[in-house]
Amino acid sequence: MPIIEAANLAKHFRTFRRRSGLWGSFKDLVNRKYETVRAVDGVSFAIEPGEMVGYIGANGAGKSTTIKMLTGILVPTSGRVAVRGLVPHRQRYQHVKQIGVVFGQRTQLWWDIAVIEALRLLQRIYEVPKADFEARLKKFEEVLGLGDLLNIPVRKLSLGQRMRCDLAASLLHNPPVLFLDEPTIGLDIAVKASVRDFIREINREYGTTVILTTHDLSDIERLCRRVIMIDRGRLIYDGELKSLKEQAVGARRLVVDFVLPVDRAGLQRALEGCPVELEGGGPFRWEISFRRGQANAPEIIGLLMSRLEVRDLELEEPRIEEVVREVYRRERAG
Amino acid sequence: MPSADWRYRAGDNQKKGHAIKRLIFYINLLRAYLSNSIKSRLAYREDFLSGFVAGLMMQLIGVLFVFSLFVRVPHLMGWHREEIFFIFGFSQVSLGLFFTFFSNLLELSDKYIIEGNFDRILLRPLDSFFQLVTERIYWEESSTIIVGLSMMSYALSRLGLALGPAEYLSLAGLVLSACAIYLAIFTILVSLTFWFNDRGSVVSVMLMLEGFSRYPVTIYNRTVRLVLTFIIPYAFTAFFPSMLILGRESYRLYVWLTPAVAAVSLMAALAVWRAGTRAYQSTGS
């Protein structure tokens, strides 16, 4: 049975268009032209316990609005939403006890008090038994390296330190569902990696269901098998990340270094019959891009090795950014 | 899925049965919040001290102004100078209590709704009003309480009134009621920001109007008097409750109406707050 269900979920905001100029402001006072923004417009999906799902979309696509409905911050205009059978905005107290939420841009902790004090307050708020609290704290100290941070006031933490503390805070009550909104924004590579490892470990050990929104698609590649993609309030893809990549006709790229200089014509001759595109100026390094289905890597590599002297080669998979861009483009065109 | 909407209603009712347990939970939490607040204030002693001293100076200037005003005016429309000082002091104590413990309420528009911090409040399994109020306590505002208390005791000694324990206790109850009335008025006003993108203009007008509460309402004309009694009950934040001590028989009823007005307006305020949180539209990402 799914742990999170959304059925025809919609959120419409009514805003009014401000007219420009002084006279426009006067007109706004008397007669406002309202328009409805369909931030989320009939989205349905179901997520099973223990899944890690990447929820992606451009700015303004409706990601945050969806997350806010799933967490109970916003009341949907229409449609249904349920997390473990609870309706988030109606059963707010019970619902927020079963979820953990991390917003990358904002801390959930109290600004002025030390991290450990904040965690103790959360322990009281979520009524976490003392033994559980100590055990989890110890684990977080180990995995997230919180040891030295515990006695520092939150406002003095760096972004990376704060994010690690926020993650610990969101998981103190061991929630079955974890929402992460841009958890790696602004973090350096080492911290990013440790945050990802931690999320993966939590998922494996506790079976925590994770919903992740991010701009950094490498987060999704490292963590999620499944992605849900949204554009202009509507669902445009829901399925395996792998099949999304295969489905997309995004170009794969072979980067080849040659021992001797090769010109474009020479390379074209060597690859006679293979529909490829040549990029990069040579003469020692060429980028050969080709589309799945039209040509395949072993064939191209075979031809190159037999006809030219190759020093090194590297096969690049389509980058997820390109895949996503392509899905968007197709969606908007169709 | 279809059953999800009502399946857990039983759980909601169960919660009501545990009202007392919940109350104890909140009181314990409040103690933890207060101790953290004091700790963090101690960490910024200099901030606290400068805020406190600045507040004290402001208050003293205000008091000095009133004193100098009344140097040549021993009576004002039937009121003794010292009686007016008492009312003034009373209003400062109740207002000071409000500012010390509930100032964070006034941050709702900017810090919580526009900056989006209200999202975080809704993500905790706690009452939203409780969270907003306790998130920051403005200890430095206690200067207003101290100045008010000094004015009251100065007035009492000049008037030659000695109070018994029962009167002190009643006075304390009335001060708390008056503070609750301020709380109710400002809760209703800040709740409006859930619906309108007002950036506190109504609140600042109301803060200025508060000046009316420092003097006997009888010095104002009939319309102002009616407004201060029945519409914006500022008359109950100092003048009417002060009558307990200043003992004008005709106001006996109003003295004891003060807690009732406080209770009713506070309940109304919390209802407006609840409606406001339901109408809350979080800011964009």
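Bear in mind that the values here come from a model prediction, so they are computed numbers and not experimental data.

Another aspect to go through is the overall build of chain B. Helix and strand counts for chain B stand at 14 helices and 2 strands. Compactness check: chain B gives a C-alpha radius of gyration of 21 Å against a globular reference of 19 Å for 285 residues, within 12% of the reference. Considering only C-alpha atoms, chain B reaches an extent of 75 × 45 × 40 Å along its principal axes. Taking all 285 residues of chain B together, the buried fraction comes to 49%. Taking as baseline every contact in chain B between residues at least 6 positions apart, the subset at least 24 positions apart corresponds to 77%. Summing over all exposed atoms, chain B offers an accessible surface of approximately 13900 Å²; the carbon and sulfur share of this is 68%. One finds the centroid of the 25 positive side-chain charges in chain B at a distance of 5 Å from the centroid of its 18 negative side-chain charges.

Where the parts come together, the accessible area they lose is often given as the size of the interface. The interface of chain B with chain A comprises 42 residues on the first partner and 41 residues on the second. Summed over both partners, the interface of chain B with chain A comes to about 3700 Å²; 53% of that surface belongs to carbon and sulfur atoms. In this assembly, chain B and chain A are joined by 3 salt bridges. Lysine 68 of chain A serves as the salt-bridge partner of aspartate 119 of chain B, at 3.5 Å between the closest nitrogen and oxygen. Summed over the shared surface of chain B and chain A, the number is 8 residue pairs in polar contact (both at pLDDT 80 or more). For the side of chain B that touches chain A, the leading source of residues is helix α3 (residues 19-43) of chain B, giving 10 residues. Looking at side-chain class alone, the side of chain B that touches chain A contains 16 nonpolar, 12 polar and 14 charged residues.

With that settled, consider the pairing of strand β5 (residues 99-103) of chain A. Residues and elements named next belong to chain A. Burial analysis of β5 places 5 of its 5 residues in the buried class, the great majority of the element. Of the two faces of β5, both are covered, the one formed by Ile99, Val101 and Phe103 as well as the one formed by Gly100 and Val102. In this structure, β5 lies alongside strand β6 (residues 177-181), joined through 5 bridges in parallel fashion. Across the sheet, the residue bridging to phenylalanine 103 is aspartate 181, located in β6.

Quick look at the domain arrangement of chain A now. Domain boundaries in chain A define domain 1 (4-246) and domain 2 (251-317). Inter-centroid distance (C-alpha atoms) of domain 1 of chain A to domain 2 of chain A is 44 Å.

On to unusual backbone geometry, then. Residues and elements named next belong to chain A. With a phi close to 55°, asparagine 8 is a non-glycine residue in the positive phi region. One can find asparagine 8 in strand β1 (residues 4-16). Not every positive phi belongs to a glycine, and arginine 84 is a case in point at roughly 50°. Inspection of the secondary structure assignment puts arginine 84 in the loop between β4 (78-83) and α3 (92-97).

A separate point is the nonpolar core. With 100 residues, the main nonpolar core has Ile4, Phe45 and Phe179 of chain A together with Phe86, Phe90, Leu108 and Phe118 of chain B as its most contacted residues. The greatest single-element share of this core, amounting to 13 residues, is contributed by helix α10 (residues 165-191) of chain B. Excluding residues within four positions of it along the chain, isoleucine 4 of chain A makes contact with Phe45, Ala46, Ile47, Leu70, Ala82, Val83, Val177, Phe179 and Ile211 of chain A. In terms of nonpolar packing, the next biggest core, distinct from the first, is built from 63 residues, Ala114, Ile220, Tyr237 and Leu241 of chain A among them.

Moving on, we come to the packing of aromatic side chains. Aromatic ring pairs: the centre-centre distance and the angle between the two ring planes describe each pair. Summed over all chains, the structure comprises 33 aromatic pairs over all chains. Between phenylalanine 101 of chain B and tryptophan 139 of chain B, the aromatic rings sit 5.8 Å apart at their centres with planes inclined by 80°, giving edge-to-face as the arrangement. Pair noted here: phenylalanine 101 of chain B is in helix α5 (residues 81-102) and tryptophan 139 of chain B is in the loop between α8 (128-134) and α9 (142-159), with a separation of 38 residues, a long-range link. We classify phenylalanine 101 of chain B as partly exposed; its relative accessible area is 30%. Seen from their ring centres, phenylalanine 236 of chain B and tyrosine 254 of chain B are 6.4 Å apart, and the 40° between their planes marks the pair as tilted. Of this pair, phenylalanine 236 of chain B sits in the loop between α12 (222-231) and α13 (239-246) while tyrosine 254 of chain B is found in helix α14 (residues 252-279), placing the two residues 18 residues apart along the sequence. Overall, phenylalanine 236 of chain B belongs to the buried group, its relative accessible area being 4%. With relative accessibility at 26%, the residue tyrosine 254 of chain B sits in the partly exposed group. Ring pairs connect the aromatic residues Trp79, Phe236, Phe239, Phe240, Tyr251 and Tyr254 of chain B, which therefore count as one cluster. Against the face of tryptophan 110 of chain A rests arginine 124 of chain B, its NZ or CZ located 4.1 Å from the ring centre. Over the face of the ring belonging to tyrosine 138 of chain B we find arginine 136 of chain B, whose NZ or CZ atom lies 4.2 Å from the ring centre.

The strands making up a sheet are joined through hydrogen bonds of the backbone, oriented either antiparallel or parallel. Residues and elements named next belong to chain A. Strand order in the open sheet made by the 6 strands is β5-β6-β7-β3-β8-β9, with mixed pairing throughout. Edge positions in the sheet fall to β5 and β9 (234-240), since each of these pairs with one other strand and no more. Along the sheet, successive strands turn relative to each other by an average axial angle of 15°, direction set aside. Alignment of strand β3 (residues 52-56) against strand β7 (residues 209-213), held across 4 bridges, turns out to be parallel. When the bridges of β7 are listed, tyrosine 55 appears paired with threonine 213.

Reading the values: the criteria
- Residues numbered from 1 in each chain as written.
- Chains lettered and ligands numbered in written order.
- Predicted model: local features only at pLDDT ≥ 70, side-chain atom pairs only at ≥ 80, totals over all residues.
- Heavy atoms only, no water.
- Helix = DSSP H or I, 4+ residues; strand = E, 2+ residues; numbered from the N terminus.
- Rg over C-alpha atoms; globule rule 2.2 N^0.38 Å.
- Buried < 20%, exposed > 50% of the residue type's maximum accessible area, 1.4 Å probe, protein only.
- Contact = heavy atoms within 4.5 Å.
- Areas by Shrake-Rupley, 256 points an atom, 1.4 Å probe, with all protein chains shown as cover.
- Lys, Arg positive; Asp, Glu negative; His and termini not counted.
- Charge placed at Lys NZ, Arg CZ, Asp CG, Glu CD.
- Buried area = accessible area lost by both parts, 1.4 Å probe.
- Salt bridge = Lys/Arg side-chain N within 4 Å of Asp/Glu carboxyl O.
- Polar contact = N/O pair within 3.5 Å; in protein donor to acceptor, adjacent residues only side chain to side chain.
- Nonpolar A, V, L, I, M, F, W, Y, C, P; charged D, E, K, R; others polar.
- Pairing = 2+ DSSP bridges.
- Domains from an automatic or database assignment.
- Core = buried A, V, L, I, M, F, W, Y, C linked by side-chain atoms within 4.5 Å.
- Phe/Tyr/Trp six-rings, centres within 6.5 Å; stacked < 30°, edge-to-face > 60°.
- Lys NZ or Arg CZ within 6 Å of the ring centre and 35° of its normal.
- Axes fitted to C-alpha atoms, helices over the stretch in contact; angles between N-to-C directions.

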